[in-house]
Amino acid sequence: MNQNDLATNCKITWCPGCPDFSILEALKRAVSTLTEKGTKKENIVFTAGIGCHGKTFDYLNLNSFYCLHGRSLPVSQGIKLANPNLKVMAIVGDGDLYNEGLSHLIHAAKRNSDIAVLIFDNRNFALTVSQFTATSPKGFKGSSSPEGSIEEPLNPLELVLSAGATFIARGYSLNIEQLKNLIVEAVEHKGFSFLEILQPCITFFDNRRFYQERIYELKGHDFFSKEKAAAKIKEWDYKNGEGVKIPLGVFYKIEKPTYDELALRGLNPAKREK
Ligand SMILES: Cc1ncc(C[n+]2csc(CCOP(=O)(O)OP(=O)(O)O)c2C)c(N)n1
């Protein structure tokens with residue numbers, strides 16, 4: 001596929017240098033790879049939440065649905081249930097997913113709904129100028145916490161592991177090729193896929209150096225084991241600590257019947273099969 005087919009005419013309004021540009025590039029490469037491997041472009045759909053991440057809706061020429069803030073996951077699950085032949089990605093932000101719509105995340109993971117959640121985690125509500133979110137580190141100074149947030153951050157990977165996700169991975173927005181491979185793997189996984197994308201917010205929380213000094217690629221990790229996944233996930237608790245290492249790659253990947261398979265029993269409502 002010519003990648004220009006995935007571009008739109010919309011003017012891009014992200015801050016110059018925002019890693020969202022790199023994630024968009026990785027997404028385009030991932031869609032190209034998926035189509036080369038046989039998935040039709042019209043069978044790839046994404047939903048978007050509200051925020052800087054959500055602008056991807058305007059910049060990526062694919063079937064898509066712009067959702068209410070925090071409601072990308074129920075819409076994605078509905079799309080998958082209406083037509084199980086579709087590959088569905090939910091593009092969400094940390095404020096969107098962990099603050100506005102957290103209960104949807106827990107239930108979608110618990111159901112093992114066959115959707116891929118791509119979370120652009122810049123660790124603040126960026127579009128509305130820097131309120132702290134569930135993954136902001138303690139001490140984060142933004143417009144709602146000028147003296148520094150007094151809350152400890154949530155570890156969302158631990159949460160989705162215990163909720164029932166069957167694919168859990170982490171990528172870094174500025175490692176475009178690795179991120180592309182992780183997006184392809186998340187979309188191809190049958191079941192609930194959760195891909196955390198570390199995204200420095202160059203305007204409100206520029207932690208590029210922090211990440212670049214700490215990230216490393218998981219090698220030889222046994223991703224079938226829940227205990228080993230939990231141990232690797234705990235290696236970084238979203239704090240700013242010294243000596244911390246941040247693993248990238250696939251933490252957990254198992255096979256389990258999906259919600260859609262169990263609910264639809266091979267039928268496709270989009271083909272009027274009841
Ligand atoms: C129900 C609701 N609450 C609040 C808002 C205002 N709002 C729009 S974008 C946004 C911030 C989004 O932050 P995040 O999801 O982290 O995405 P980012 O902009 O960081 O990519 C907020 C709070 C809204 N549109 N709808």
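Since the model is a prediction, treat every value here as computed from it, not as a measurement. (Residues numbered from 1 in each chain as written. Predicted model: local features only at pLDDT ≥ 70, side-chain atom pairs only at ≥ 80, totals over all residues. Heavy atoms only, no water.)

1. Some remarks on the overall build of the chain
Our working definition: The helix count covers DSSP runs of H or I at least four residues long, the strand count covers runs of E at least two residues long, and both are numbered beginning at the N terminus. Working definition: with a 1.4 Å probe on protein chains only, accessible area under 20% of the residue-type maximum means buried, over 50% means exposed, and in between means partly exposed. It only takes one pair of heavy atoms within 4.5 Å for two residues to be counted as in contact. The Shrake-Rupley method, run with a 1.4 Å probe sphere, supplies the accessible areas, and residue values consider only the shown protein chains as cover. Only four residue types enter the charge count: Lys and Arg as positive, Asp and Glu as negative, with His and the chain ends excluded. By convention, charge coordinates are those of NZ in Lys, CZ in Arg, CG in Asp, or CD in Glu.
Broken down by element type, the chain carries ten helices and eight strands. Reported as C-alpha extents along the three principal axes, the dimensions of the chain are approximately 55 × 45 × 30 Å. Scored against the burial criterion, the 274 residues of the chain give a buried share of 53%. In the chain, once contacts between residues fewer than 6 apart in sequence are set aside, the share between residues at least 24 apart is 72%. Total accessible area computed for the chain in this model is approximately 12100 Å², and 52% of it derives from carbon and sulfur atoms. Within the chain, one finds 34 positive and 31 negative side-chain charges whose respective centroids are separated by 3 Å.

2. Some points on the site of the ligand
Let me state the cut-off plainly: Near residues are defined by distance, with any heavy atom within 4 Å of the molecule or strand qualifying the residue. Throughout this description, a polar contact denotes any pair of N or O atoms lying within 3.5 Å of each other; where both atoms belong to protein, one of them has to be capable of donating a hydrogen while the other can accept it, and for residues adjacent in sequence the pair is counted only when both atoms sit in side chains. As a working rule, the residues Ala, Val, Leu, Ile, Met, Phe, Trp, Tyr, Cys and Pro are called nonpolar, Asp, Glu, Lys and Arg charged, and the rest polar, with Gly in that last group.
Around the ligand, a shell composed of 16 residues is seen, among which Cys-52, His-53, Gly-95, Asp-96 and Asn-122 lie nearest. At 3.0 Å, a side-chain N or O of His-53 approaches an oxygen atom of the ligand. In this structure, Asp-94 approaches the ligand through a side-chain N or O atom, which is 3.4 Å from an oxygen atom. No other element matches helix H4 (residues 94-100), which puts four residues into the shell around the ligand. Its residues assigned to classes, the shell around the ligand comprises five nonpolar, eight polar and three charged.

3. Some points on the environment of Cys-18
When you line up the elements, Cys-18 lands in the segment before helix H1 (20-36). Sequence-wise, Cys-18 and Pro-200 are 182 residues apart; in three dimensions their C-alpha atoms are separated by 7.9 Å. Every residue in contact with Cys-18, bar those within four places of it in the chain, is listed here: Gln-199 and Ile-202.

4. Some points on the nonpolar core
Short version of the rule: By nonpolar core we mean a set of buried residues, namely Ala, Val, Leu, Ile, Met, Phe, Trp, Tyr and Cys, connected to one another through side-chain atoms within 4.5 Å.
With 39 residues, the main nonpolar core has Leu-73, Leu-97, Val-117, Ile-168, Phe-192 and Phe-194 as its most contacted residues. Excluding residues that lie within four positions of it along the chain, Leu-73 makes contacts with Ala-90, Val-92, Leu-97, His-104, Leu-105, Ala-108, Ile-115 and Val-117. Judged by nonpolar contacts, the second largest core, of 37 residues, contains Phe-46, Val-184, Val-187 and Phe-205.

5. Observations regarding the packing of aromatic side chains
What counts is decided by this rule: Pairing of aromatic rings covers Phe, Tyr and Trp, the last through its six-membered ring, and needs centres within 6.5 Å; plane angles under 30 degrees mean stacked, over 60 mean edge-to-face, and all others mean tilted. Charge-over-ring contacts are defined here by two conditions on Lys NZ or Arg CZ: a distance within 6 Å of the ring centre and an angle within 35 degrees of the ring normal.
The tally for this structure, following the rule as stated, stands at ten aromatic pairs. When the centroid spacing of 5.3 Å and the interplanar angle of 75° are considered together, the rings of Trp-14 and Phe-21 count as edge-to-face. Among the residues examined, Trp-14 registers a relative accessible area of 5% and is labelled buried. Residue classification places Phe-21 among the partly exposed positions, given a relative accessible area of 34%. With a centroid separation of 4.9 Å and 85° between ring planes, the pair formed by Trp-14 and Tyr-59 is classed as edge-to-face. Placement of Trp-14 in the segment before H1 and of Tyr-59 in helix H2 (residues 56-59) is noted, with a sequence separation of 45 residues between them. Note on accessibility: Trp-14 and Tyr-59 belong to one class, buried. Of the aromatic side chains, those joined through ring pairs into one cluster are Tyr-172, Phe-210, Tyr-211, Trp-236 and Tyr-238. The ring of Tyr-259 carries the charged tip of Arg-111 above its face, separated from the ring centre by 5.7 Å.

6. Considerations on the pairing of strand S8 (residues 246-253)
Two faces, one strand: in a regular strand the side chains alternate between the faces of the sheet. Basically, it comes down to this: In this analysis, strands are considered paired if DSSP registers two or more bridges between them. Classification remark: right-handed applies to a crossover when, strands pointing away from the viewer, the course from the first strand over the helix to the second runs clockwise.
Taken across its eight residues, S8 has seven buried, putting it largely inside the fold. Pairing geometry for strand S5 (residues 167-172) and S8, over four bridges, is antiparallel. Across the sheet, the residue bridging to Phe-167 is Lys-253, located in S8. Strand direction decides the pairing type here: strand S7 (residues 215-217) and S8, joined by three bridges, are parallel. Bridge pairing in S8 places Ile-215 opposite Ile-246. Taken together, S7, helix H9 (residues 226-233) and S8 constitute a β-α-β crossover, and its handedness is right-handed.

7. Observations regarding the sheet that holds S5
Pairing between the strands of a sheet comes from backbone hydrogen bonds, and it takes one of two forms, parallel or antiparallel. Rules: In this description, a line fitted to the C-alpha atoms serves as the axis of each element, helices being fitted only across the stretch in contact, and the angle between N-to-C directions of two axes falls anywhere from 0 to 180 degrees.
Pairing is mixed in the open sheet, where eight strands are placed in the order S2-S1-S3-S4-S6-S5-S8-S7. Two strands bound the open sheet, and with one partner strand each, they are strand S2 (63-66) and S7. With direction set aside, neighbouring strand axes in the sheet form an average angle of 25°. Bridge count between strand S3 (residues 87-93) and strand S4 (residues 116-121): five bridges; the pairing is parallel. From the neighbouring strand, Ala-90 faces S4, where its bridge partner is Val-117. Running over the sheet, helix H3 (residues 72-82) touches strand S1 (44-48), S2, S3 and S4 and is turned about 175° from S3. Packed on one face of the sheet, H9 meets S5, S7 and S8 and runs near 160° to S8.

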